[in-house]
Amino acid sequence: MAVDSSVVNEVMRRFGHSAQPESQQVIAVMNAVVDVIKGQNLVLNPTSMFAALMSALEKPEAQASNQVSLALLTLLGIVLPQVSGPVLKAKAQVSIALVAGVLEHHKENAAVCKASLGCLSQILANGPADAASW
C-alpha cells in the first residue's frame, strides 16, 4: 500500500513536541484517522485524510465535543492545502455546509470558530468555481 505521510509528518512537526492537551488531542485524533484509513485498506494520502476528517466531522458525537471538533478542524486545516483542486471543487458545497454547521454549533468557542473560519477560507479559495454555486 502506498503511503503519503506528508500530513502525518506535518502534524508531528507542529504538535509532536508539545505536552499541551490540545496538541496531544490533535495527535490522538490524527492517529485514529490514520488507523481508520489503514483499516479500510485505503491509501493514506491527503485525499483519504480529507474524506476521513469530513466523515468524522459529520458525526454528532464529534460535534458534541469542543476538543474533538477543534482537533478535527486543526487537522483539516493542515490537509486542505494538500488536497487537489478538482477534489475540493467537487466537495466544496458539502464541505462548506458541514464546516459552517460546526462553526454555528460551537459559536461560543473562539478556538473552534477560528479553526472553522480558517478551513472555510481555504475551501472557498479553492472550491466553488462559480458564484452561482453559492
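What comes next concerns the included structure. (Residues numbered from 1 in each chain as written. Predicted model: local features only at pLDDT ≥ 70, side-chain atom pairs only at ≥ 80, totals over all residues. Heavy atoms only, no water.)

**Describing the nonpolar core**
Point 1. Grouped together as the largest cluster of nonpolar side chains are 43 residues, with contacts concentrated most on Val-11, Met-49, Phe-50, Leu-73 and Leu-76.
Point 2. At 8 residues, helix α5 (residues 66-79) tops the list of elements feeding residues into this core.
Point 3. The residues contacting Met-49, other than those within four sequence positions of it, are Val-7, Met-30, Val-33, Val-34, Ile-37, Leu-44 and Val-79. (Core = buried A, V, L, I, M, F, W, Y, C linked by side-chain atoms within 4.5 Å. Buried < 20%, exposed > 50% of the residue type's maximum accessible area, 1.4 Å probe, protein only. Helix = DSSP H or I, 4+ residues; strand = E, 2+ residues; numbered from the N terminus. Contact = heavy atoms within 4.5 Å.)

**What about helix α2 (residues 21-39)?**
Point 1. Taking 1.5 Å per residue, 19 residues should reach 27 Å; α2 reaches 26 Å between its end C-alpha atoms and fits that length.
Point 2. Those residues of α2 that sit buried are Ser-23, Val-26, Ile-27, Val-29, Met-30, Val-33, Val-34 and Ile-37. Taken around the axis of α2, the buried residues stretch over an arc of 165°, which confines them to a single face. Seen from the open side of α2, the exposed residues pointing more than 90 degrees away from its buried face are Pro-21, Asp-35 and Gly-39.
Point 3. Residues of α2 that are buried make contact with α1 (6-15), α3 (46-58) and α5. (Expected span 1.5 Å × (residues − 1). Arc of directions from axis to C-beta.)

**Notes on the side chain of Gln-63**
Point 1. Tracing the backbone shows Gln-63 in helix α4 (residues 60-63).
Point 2. Given the relative accessible area of 16%, Gln-63 is considered buried.
Point 3. A distance of 2.8 Å separates a polar atom in the side chain of Gln-63 from the backbone oxygen of Leu-57.
Point 4. Ignoring any residue separated from it by four or fewer positions in sequence, one finds Gln-63 in contact with Leu-57, Glu-58, Ser-69, Leu-98, Val-102, His-105 and His-106. (Polar contact = N/O pair within 3.5 Å; in protein donor to acceptor, adjacent residues only side chain to side chain.)

**Re the layout of surface pockets**
Point 1. One number sums up the size of the largest pocket: a volume of about 210 Å³.
Point 2. What lines the largest pocket is a set of 13 residues, among which Leu-73, Thr-74, Gly-77, Lys-114 and Ala-115 lie closest to the centre.
Point 3. Mapped onto the lining of the largest pocket, the elements with two or more residues apiece are α1, α5 and α7 (110-126).
Point 4. Broken down by element, the residue count for the lining of the largest pocket peaks at 6 residues, all from α7.
Point 5. A class-by-class count of the residues in the lining of the largest pocket yields 7 nonpolar, 4 polar and 2 charged. (1 Å grid on protein atoms, 1.4 Å probe; cavity = no way out; pocket = protein on both sides within 12 Å on 5 of 7 lines; lining within 4 Å. Points joined across faces, edges and corners; volume = space filled by probe spheres on them. Nonpolar A, V, L, I, M, F, W, Y, C, P; charged D, E, K, R; others polar.)

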